[in-house]
Amino acid sequence: DIVRALIARTDGWLRVVEGDSPPPGWYGKPWAGWQGYQAAKGDVLLFTDADTRHAPDLLGRAVAALEDQKADLLTILPEQTLGSFWERSVMPHMLFMIGLRYFTPLMNRTRNPLHVVANGQFIMMPRASYDAIGGHQAVKHEVVEDLRLAQLVVAGGRKLYVTHAEEFMRTRMYR
């Protein structure tokens, strides 16, 4: 409903893509990404989640970083909004452990696909890079498709760029 209301304020560049149910062998999120890709017309693709909030200048900054870094996949680590007692009790530990396992500066340099991850809340890719790794079709059976997309990028000799952008993006994953 929010997107449909916004469409009236655009010059036709925004539209709703009604998704179909996943076919056999596909999980939901990769299937949604694949359908979005098929409907998209641009040279830069952005896959982002509905539970994220983006600052007005995030998109421009992200495209600039993608181009500046000559990245094949740009992923952003946002501010994690923690509201409830349980969110504040559990999430910092989980995020700390992920941070220990996937250290951002190392991910931006490593050529080992086992040492990378992407944040599925924000994945930006040039269309040519997405096509080269097989896109979401290549990860259609993956529960953690963002991890696998990052691994395919690095395994293919392409560049992953991970950056913190807490001041430009936030999310509250679990309520």
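For the structure itself, look to the data block above.
Described below are features of the structure shown in this document. (Residues numbered from 1 in each chain as written. Predicted model: local features only at pLDDT ≥ 70, side-chain atom pairs only at ≥ 80, totals over all residues. Heavy atoms only, no water.)

1. Re the sheet that holds strand S7 (residues 169–171)
- Pairing within the open sheet is mixed, and its three strands lie in the order S2-S7-S4. Looking at the sheet topology across the chains shown, the edges are occupied by strand S2 (52–54) and strand S4 (79–80).
- Sheet analysis places S4 next to S7, joined by two bridges and oriented parallel. By the bridge assignment, Glu79 is partnered in S7 with Arg170. (Pairing = 2+ DSSP bridges. Helix = DSSP H or I, 4+ residues; strand = E, 2+ residues; numbered from the N terminus.)

2. Comments concerning the packing of aromatic side chains
- If you walk through the whole model with that rule in mind, you get six aromatic pairs.
- Judged by centre distance (5.1 Å) and plane angle (70 degrees), the rings of Trp26 and Trp31 are edge-to-face.
- Between Phe47 and Tyr130, the ring centres sit 5.3 Å apart and the planes meet at 25 degrees, which makes this aromatic pair stacked. Remark: Tyr130 occurs in helix H6 (residues 127–133) and Phe47 occurs in strand S1 (residues 44–48); sequence separation between them is 83 residues.
- Three or more aromatic residues joined by ring pairs make a cluster, and in this case those are Trp26, Trp31, Trp34, Tyr37, Phe47 and Tyr130. (Phe/Tyr/Trp six-rings, centres within 6.5 Å; stacked < 30°, edge-to-face > 60°.)

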